[in-house]
Amino acid sequence: MQTFIDIISVLSFSGFSRFADSVISKLAFTKMLASFGMTDAIAWIIIIILSIGINDAIICAKNVGRSFILKLHPKAVVSFKYKKRLLSNSELEQSSINVLFTLACELVLTFILSFEAASVSDALMLSAAIIGNDGWLLLLIGKTNLLAQFSYGMQIFICIVLLLCRVNLIRTIKTKLELKKNAL
Amino acid sequence: MINRKIITKVLCVVLVVVGIAMLIPGIVSVIYKESSEAICFFACTACMVIVGFLGIKLIPKTNNAVLRMRDGFFIVGISWILFSILGAIPFYISGSIPNFVDAFFETASGFSTTGSTILTNIEAMPKGMLFWRSFTHWLGGMGILVLTIAILPMLGIGGQKIMRAETTGPTMDKITFTVTGSAKRLYIIYAGLTALEVILLCAGGMDIFDSLVHSFGTLGTGGLSIYSSSIAYYGNFYFEMVIAVFMLLAGINFSLYYYLFTGNARLMFKDPEFKTYIKIIVIATVFIMGMLLVTGYYQTIVDAFRYAFFQVCSIITTTGYGTADFDLWPLPCKIVILLLMFVGGSAGSTAGGLKVIRFMMIGGIIKRRIKQRLHKNSIEPVRIGGKKVEEDVLYNVRMLLVIYAIIALGSTLLVSLDGVNLTTAFSAVIACFSNIGPGFDLVGPSQNFALFSPAIKILLSLLMIAGRLEIYTIAVLFTPQFWKK
């Protein structure tokens, strides 16, 4: 089972493997973070931001500013740039839906994990790490071998979710490669 | 810039209203022969009423004055912070809560109908103070400014923007043509339901004082009890069921009661939000009941139902009364309770949280997006109960949820700096922001919020007020755009 998790973890770049476990826990950087007081809360918030995606998080933050302006001046026309181009309404809508959808998925996964997780915080952190494929961040705060607390059935379920969450990245890489091919 | 004349005038009226409200706990103190507390309340009343009236008299009449959106936000935001400061004065000067930050936290928790407490020995508090603590729930539940609009139409200013900023939900229901008329009817329904609960509790043998304070907490969906063990103190099935049912009723849109009492019962039972709200309660109760029975936490189905139903009603309506320590329940039950904390009651009710209707709208948005992925050119409106929801309402709902998430995560980070674990920090933030009361772990149902530093208590107090006013009203005051000319 552990080997299966290792393979899936490596395939999905999520850092739940024994290999990541042994490497990251030995890093000087990990020890430095611990000495700086890297708490569960800080790690959890970083994991959530990463699971949302930096781009969506930034666009959403800009959209929040826009919503405040619209609250004060309902008829105002507010637009803003990101990466040197104007964002369309559809892109703005898409980013906020992405954020809400990711958070909703994390809450649902937290509920599923709660059937076997040890505590509320474990369930919260693991669900965010699974959705974002960021298990390596949990290793940075010393939470090693977290998947071991689950039954085989739950471990297989987690592996499937890890792969599903990575599909988007694989699709993006594929598209970029195709674009490059076409350009050549 | 903001309209200073109108704002000052409204704030003076607020001062008078809070001052007059303090007369009632003052009378309670006299009845229970608590002379020093009675003097505190009457002195506060005198000062606030005199200053308020002077202000009203000195400021020239503002007939036909236009109240803009910005003024509405400012009035409501500042008034709620002012209520909490003014309401804390009797606690502080009587020495019942010797620290002003603690007194402010307790009052903010009262007015915002949160129900989180810093008190470690509640039973030792004087009766007058306990009454005031619960009465703040009742005042804050429907909205103290709505009350002001209802009883003081002579203010001479449009109350629409104030009512809009204070009532809950993505859209405002007006049950009559005028704001004053709507506010009056809502308060009549609110007072009627409170009176009914008091009668039912008294009929079951509860003391009149206890029934009054618990009814205030129930209908206001507050949850501050006069006992450390909350409703569990009585261990009485009848009381628990009466309170649970009234909590459930308080979580329903009050406009629907108007339709019910005016012979349009069909409108109430056809309301999509009402139906979803009841479905959520049934599903959550059955799930928790099942888990409690399967894990052997309770042996009988009656016990499992009794505690599960009460806690589900208490959490979804964001009341926060307790009959059992849900922090000791199996983890899936705790996660269901955590999810209910986000959901909250119906729009237009006294409950906090994000409201059922918003989640229905978000569900509609996500469904539409998925459809658009499959059929790129499809244009389909989001419909709730067959009615099309306007795009700007959907935008506001989306953004409110995003802002909620940002503030909740940021605040969790700040609270965790106080040295508490993630579960405590996150649940404390959600418990305050959604106006629930108890959280998990160190702020669980059998614990309190006394452990936090003064700075964190102020942060949590602001979160309670922001949560009660559904974020924008308070958050907009902290944006540079608000203060720009």
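A.B. asks: I'm lost on the overall build of chain B in this one. Help?
C.D. replies: The secondary structure content of chain B amounts to 22 helices and two strands. Whereas a compact globule of 485 residues would reach a radius of gyration of roughly 23 Å, chain B reaches 22 Å, a difference of no more than 12%. Considered along the principal axes of its C-alpha atoms, chain B spans approximately 65 × 55 × 50 Å. Buried positions account for 62% of the 485 residues belonging to chain B.

A.B. asks: Would you mind showing me how to read the overall build of chain A here?
C.D. replies: If you tally the helices and strands in chain A, you get nine helices and two strands. Pairs at least 24 residues apart make up 68% of the contacts formed inside chain A by residues separated by at least 6 positions. Summing over all exposed atoms, chain A offers an accessible surface of approximately 9600 Å²; the carbon and sulfur share of this is 67%.

A.B. asks: Help me understand the interface of chain B and chain A, please; the structure alone is not making it clear to me.
C.D. replies: Often the size quoted for an interface is simply the accessible area lost on bringing the parts together. At the interface, 41 residues of chain B touch 39 residues of chain A. Of the roughly 3700 Å² buried between chain B and chain A, counting both surfaces, carbon and sulfur atoms make up 80%. Taken together, chain B and chain A are joined by two salt bridges. For A:Glu93, the salt bridge goes to B:Arg368, with nearest N and O atoms at 3.5 Å. One can count seven residue pairs in polar contact (both at pLDDT 80 or more) joining chain B with chain A. For the side of chain B that touches chain A, the secondary structure elements donating two or more residues are helix H4 (69-94), helix H14 (272-294), helix H16 (331-343), helix H17 (356-374), helix H18 (391-416), helix H19 (422-433), helix H21 (472-475) and helix H22 (480-483) of chain B.

A.B. asks: In this structure, what is going on with a nonpolar patch on the surface? I would like to understand it.
C.D. replies: Residues and elements named next belong to chain B. On the surface, Ile-20, Leu-23, Ile-24, Ile-27, Val-30, Ile-31, Tyr-32 and Phe-42 cluster together into a nonpolar patch covering about 680 Å² of accessible area. When residues in the nonpolar patch are grouped by element, the largest group, five residues, is from helix H2 (residues 23-31). Judged by its relative accessible area of 47%, Ile-27 is partly exposed.

A.B. asks: For this particular structure, what's the right way to read helix H3 (residues 35-58) of chain B?
C.D. replies: Spacing of three or four residues puts side chains on the same side of an α-helix, whose turn is 3.6 residues. All names here are of chain B. The end-to-end C-alpha distance of H3, which contains 24 residues, comes to 34 Å, matching closely the 34 Å that a straight helix rising 1.5 Å per residue would cover. Within H3 the residues assigned to the buried category are Glu-37, Ala-38, Cys-40, Phe-41, Cys-44, Thr-45, Met-48, Val-49, Gly-52 and Gly-55. In this fold, the buried residues of H3 make contact with helix H1 (4-21), H2, H4 and helix H6 (127-142).

A.B. asks: Any chance you could explain the environment of B:Gly192 here in plain terms?
C.D. replies: Residue and element names in this part refer to chain B. Mapping Gly-192 onto the fold places it in helix H9 (residues 179-203). For Gly-192, a relative accessible area of 37% puts it in the partly exposed group. Each C-alpha atom of the pair Gly-192 and Leu-249 lies 12 Å from the other, and the pair is 57 residues apart in sequence.

A.B. asks: What exactly am I supposed to notice about the packing of H14(B) against H17(B) here?
C.D. replies: For any two helices packed against each other, one specifies the inter-axial angle together with the distance between the axes. Residue and element names in this part refer to chain B. Between H14 and H17, the shortest axis-to-axis distance is 9 Å and the interhelical angle comes to 100 degrees. Relative to H17, H14 is oriented roughly perpendicular. Contacts between H14 and H17 involve Pro-272, Glu-273, Thr-276, Tyr-277 and Ile-280 from the former and Val-356, Ile-357 and Met-360 from the latter.

A.B. asks: What's the story with a positive patch on the surface in this structure? I'm lost.
C.D. replies: Residues and elements named next belong to chain B. Together, Arg-266, Lys-270, Lys-275 and Lys-279 give the surface a local cluster of positive charge. Every element with two or more residues in the positive patch is listed here: helix H13 (265-270) and H14. For Lys-270, a relative accessible area of 56% gives the class exposed.

A.B. asks: Can you help me understand the pattern of salt bridges in this one?
C.D. replies: If you walk through the whole model with that rule in mind, you get eleven salt bridges over all chains. Across the salt bridge formed by B:Lys334 and B:Asp327, the nearest N and O atoms sit 3.4 Å from each other. Of the two residues, B:Lys334 and B:Asp327, both sit in the buried class. What emerges from the salt-bridge pattern is a single network uniting A:Glu93, B:Arg368, B:Arg369 and B:Glu391.

A.B. asks: Help me understand the packing of aromatic side chains in this model?
C.D. replies: The relative placement of two aromatic rings is captured by the distance of their centres and the angle of their planes. Residues and elements named next belong to chain B. Inspection of the entire model under this criterion finds 40 aromatic pairs over all chains. Note on Tyr-92 and Phe-100: the rings are 5.3 Å apart at their centroids and 90 degrees apart in plane angle, and the pair reads as edge-to-face. Since its relative accessible area comes to 38%, Tyr-92 is described here as partly exposed. With a centroid separation of 6.3 Å and 75 degrees between ring planes, the pair formed by Phe-342 and Tyr-404 is classed as edge-to-face. Taken together, the residues span a long stretch of sequence, with Phe-342 in helix H16 and Tyr-404 in helix H18 at a distance of 62 residues. The exposure class of Phe-342 is buried, given its relative accessible area of 9%. For Tyr-404, a relative accessible area of 5% corresponds to the buried category.

Each value, and the rule that gives it
- Residues numbered from 1 in each chain as written.
- Chains lettered and ligands numbered in written order.
- Predicted model: local features only at pLDDT ≥ 70, side-chain atom pairs only at ≥ 80, totals over all residues.
- Heavy atoms only, no water.
- Helix = DSSP H or I, 4+ residues; strand = E, 2+ residues; numbered from the N terminus.
- Rg over C-alpha atoms; globule rule 2.2 N^0.38 Å.
- Buried < 20%, exposed > 50% of the residue type's maximum accessible area, 1.4 Å probe, protein only.
- Contact = heavy atoms within 4.5 Å.
- Areas by Shrake-Rupley, 256 points an atom, 1.4 Å probe, with all protein chains shown as cover.
- Buried area = accessible area lost by both parts, 1.4 Å probe.
- Salt bridge = Lys/Arg side-chain N within 4 Å of Asp/Glu carboxyl O.
- Polar contact = N/O pair within 3.5 Å; in protein donor to acceptor, adjacent residues only side chain to side chain.
- Patch = residues over 30% accessible without salt bridge, like charges linked within 9 Å, V, L, I, M, F, W, Y side chains within 5 Å.
- Expected span 1.5 Å × (residues − 1).
- Axes fitted to C-alpha atoms, helices over the stretch in contact; angles between N-to-C directions.
- Parallel < 35°, antiparallel > 145°, perpendicular 65-115°, else oblique.
- Lys, Arg positive; Asp, Glu negative; His and termini not counted.
- Charge placed at Lys NZ, Arg CZ, Asp CG, Glu CD.
- Phe/Tyr/Trp six-rings, centres within 6.5 Å; stacked < 30°, edge-to-face > 60°.

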